[in-house]
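# Commentary on secondary and tertiary structure
So the chains spell out like this:
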Amino acid sequence: MENQSMVNGPIIKKLIMFAIPIFLGNLFQQLYNTADSLIVGNFLGSSALAAVSSSGNLIFLMIGFFQGISVGAGVVIAKFYGAKDEKRLISSIHTTVALAFICGVFLTVFGIILAPKILVLMGTPSEIMNNSVSYFRIYFIGSLAFVLYNFLTGIMQAIGDSKHPLYYLIVSSVINVILDIVFISFFHMGVASAAWATIISQFISCILCFAHLTKREDECHLNLSMIKIDFLSLKQIVSQGLPTGFQNSIIAFANVVVQSHINSFGKMAVAGSGSYSKIEGFVFLPVLSMAFALTTFISQNLGAKEYDRIKKGAKFGLICSLVLAELIGVVIYIFSPQLISLFDSTKEVVYYGTLQARTVSLFYFLLSFSHCIAGILRGAGKSMVPMIVMLVFWCIIRVSYITVAVSIVKSIQTVYFAYPLTWGLSSITFLIYYLKIDWEKVIIE
């Protein structure tokens, strides 16, 4: 177990060397949707780009819950790995894979059936509705691969292996870009091509992860005959993952409400906002990667009862993320027009995307702080705290603010201000709670 353990050795080196492959992996994963948007926007035009963009928040609403469950599974696995509890480690790994199969099948059926109804409730512009429904339904045909991939990489990262998920994502991302171009340019499949390219490449990355775990020769080996639900392990996974999954879903729901208000400003606003969201997804990856690294670091060291390492690691991760986030924010503020135009050079699209970027980018340090503290608390087994904080501020207050503010000042910038406002409120609350933590008393049952 020692070769991938985070319970000994230089703290800063361990965190950085673990976070870098996660960052690069997330970078290539982000290429999935970004390649779709770049190619669709440049080859098929603004209407097609708006159709792909309008599905983004809705897709995360559907998949965010299961991503949260996979985080909970990672916390449990990392704890047993750090404690060197081989029996419970094996049980939790196989239960995680069985749960992933169940979740993937459920999400496939749920997504395909509900796609048109939810898009209508979001107020999706009628001229892009057909393309949006087509993209959404095809995307969710690949739900099983997407869910399995997230759970399998969660297992690998929980035991300190962040490199193999990176290798597999590089392969699948390259395939995704090639298929995008081939399907659009040679087969003229329209918006559907982006969705088909994504799910095919996702299945490939899933198969590679599965093959790696079945070939391992240590206690983390995945034995196909042992894939079944152990109810004790399931209880622990669900208790840790359910709050995070619920948190992801309620945040996504709030963002769907935000998207519905953006939709009311027309397809150019939808395309501009969608283009900005792709940029934000890229530039904020280093911070999110550190937040995830902190979750694994805290979990393993709690299992090993290394409380001093926890405090030092958390402090370094927070400082590093805050500085990095604000540097990124300044760059985005300055170069947003050029970045938005990469997706669509239409004047209105660039205007809306730049307006959103310059409204929120200088407040990235607040978003960074909230994400990192949430990651630390999840690693400590206190996933209910981030859920409650984000339910209150990123959902209830965000939606309430937009509902009231837009009725008073009908401006799209009023909608954009919902983000830094709620980031700030959650950061203040997290700071107060974090300062009161007694790590010696934090024990995951």
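Residues numbered from 1 in each chain as written. Predicted model: local features only at pLDDT ≥ 70, side-chain atom pairs only at ≥ 80, totals over all residues. Heavy atoms only, no water.

This part is about the overall build of the chain. When helices and strands are counted, the chain shows 17 helices and zero strands. Considering only contacts within the chain whose residues lie at least 6 apart along the sequence, 84% involve residues at least 24 apart. Surface exposure of the chain reaches about 17,500 Å², of which carbon and sulfur atoms provide 70%. (Helix = DSSP H or I, 4+ residues; strand = E, 2+ residues; numbered from the N terminus. Contact = heavy atoms within 4.5 Å. Areas by Shrake-Rupley, 256 points an atom, 1.4 Å probe, with all protein chains shown as cover.)

Quick look at helix 14 (residues 364-379) now. Compared with the 22 Å implied by 1.5 Å per residue over 16 residues, the 23 Å span of helix 14 between its first and last C-alpha is a close match. Counted residue by residue, helix 14 has 14 buried out of 16 residues, so it is predominantly covered. Immediately downstream of helix 14, the backbone of G381 shows phi near 85 degrees, a positive value. (Expected span 1.5 Å × (residues − 1). Buried < 20%, exposed > 50% of the residue type's maximum accessible area, 1.4 Å probe, protein only.)

Glycine aside, residues mostly have negative phi, and peptide bonds are mostly found in the trans state. One non-glycine residue, K84, lies in the positive phi region at around 60 degrees. Considering the arrangement of structural elements, one finds K84 in the loop between helix 3 (56-83) and helix 4 (86-121). Phi at K305 is positive, roughly 60 degrees, even though this residue is not glycine. Tracing the backbone through its elements, the reader meets K305 in the loop between helix 11 (285-303) and helix 12 (307-341). Since its relative accessible area comes to 61%, K305 is described here as exposed.

Here we come to the nonpolar core. Within the largest apolar cluster, 66 residues are counted, with the highest numbers of intra-cluster contacts made by L15, Y364, I373, I376, W423 and F430. Excluding residues within four positions of it along the chain, Y364 makes contact with Y276, E280, V283, F284, A325, E326, I328, G329, I332 and W423. One finds L89, V97, F140 and L152 within the second-largest nonpolar core, a separate group that totals 48 residues. (Core = buried A, V, L, I, M, F, W, Y, C linked by side-chain atoms within 4.5 Å.)

Along the chain, I237 turns up in helix 9 (residues 231-263). Sequence spacing of I237 and I69 is 168 residues, and the spatial spacing of their C-alpha atoms is 7.2 Å. Contact partners of I237, with chain neighbours within four places excluded, come to I69, G72, A73, V76, S92, T95, T96, L99 and L242.

As a further point, take helix 17 (residues 418-434). With 17 residues, helix 17 ought to run about 24 Å at 1.5 Å a step, and its terminal C-alpha atoms sit 24 Å apart, in line with that. Turning to helix 17, its buried residues number three or more, namely A418, Y419, P420, T422, W423, G424, S426, S427, F430 and Y434.

Once that is clear, we can look at the packing of aromatic side chains. All told, the structure shown has seven aromatic pairs when counted by the stated rule. On the numbers, 6.5 Å between centres and 50 degrees between planes, the contact of Y364 with W423 is tilted. With a gap of 59 residues between them, Y364 in helix 14 and W423 in helix 17 connect regions that are remote in the sequence. Comparing Y364 with W423 shows no difference in burial state: the two are buried. Three or more aromatic residues joined by ring pairs form one cluster here, namely F65, F66, F106 and F110. In this arrangement the basic side chain of R358 is found over the ring face of Y333, its NZ or CZ atom lying 5.4 Å from the centre. Lying over the aromatic face of F265, K410 brings its terminal NZ or CZ to 5.1 Å of the ring centre. (Phe/Tyr/Trp six-rings, centres within 6.5 Å; stacked < 30°, edge-to-face > 60°. Lys NZ or Arg CZ within 6 Å of the ring centre and 35° of its normal.)

A few words now on the pattern of salt bridges. A side chain with one charge may pair with a side chain of the opposite charge, provided their charged atoms come close. The full count for this structure, using the stated rule, is two salt bridges. Of the charged contacts in the structure, one is a salt bridge between R216 and D161, with a shortest N-O distance of 3.9 Å. Here the residue R216 occupies a position in the loop between helix 8 (192-215) and helix 9, and D161 occupies one in the loop between helix 6 (143-158) and helix 7 (163-185), the gap between them amounting to 55 residues. On the basis of relative accessible area, R216 is assigned to the buried category, the value being 13%. (Salt bridge = Lys/Arg side-chain N within 4 Å of Asp/Glu carboxyl O.)

What follows is about the packing of helix 13 (residues 347-360) against helix 17. One way to put it is that helix 13 packs onto helix 17 with a least axis distance of 8 Å and a crossing angle of 20 degrees. It follows from the interaxial angle that helix 13 and helix 17 lie roughly parallel. Read as a crossing pair, helix 13 and helix 17 show a hand that is right-handed. In contact with Q356, T359 and V360 of helix 13, helix 17 contributes Y419, P420 and W423. The class makeup of the residues in the contact of helix 13 with helix 17 is four nonpolar, two polar and no charged. (Axes fitted to C-alpha atoms, helices over the stretch in contact; angles between N-to-C directions. Parallel < 35°, antiparallel > 145°, perpendicular 65-115°, else oblique. Left-handed = near helix turned anticlockwise from the far one by under 90°. Nonpolar A, V, L, I, M, F, W, Y, C, P; charged D, E, K, R; others polar.)

A surface patch of nonpolar side chains, amounting to about 660 Å² of accessible area, comprises V330, V331, Y333, I334, F335, L362, F363 and F365. Among the elements that line the nonpolar patch, the one with the most residues is helix 12, at five residues. Residue V330 is classed as partly exposed on the basis of its relative accessible area of 37%. (Patch = residues over 30% accessible without salt bridge, like charges linked within 9 Å, V, L, I, M, F, W, Y side chains within 5 Å.)

Between helix 10 (residues 267-283) and helix 13, the least distance of the axes is 7 Å, while the angle of their chain directions is 50 degrees. Taken together, the axes of helix 10 and helix 13 lie oblique to each other. When the axes of helix 10 and helix 13 are compared, the crossing they make is right-handed. Contact residues: M268, A269, A271, G272, S273, S275, Y276 and E280 in helix 10; E348, V349, Y352, G353, Q356, A357 and V360 in helix 13.

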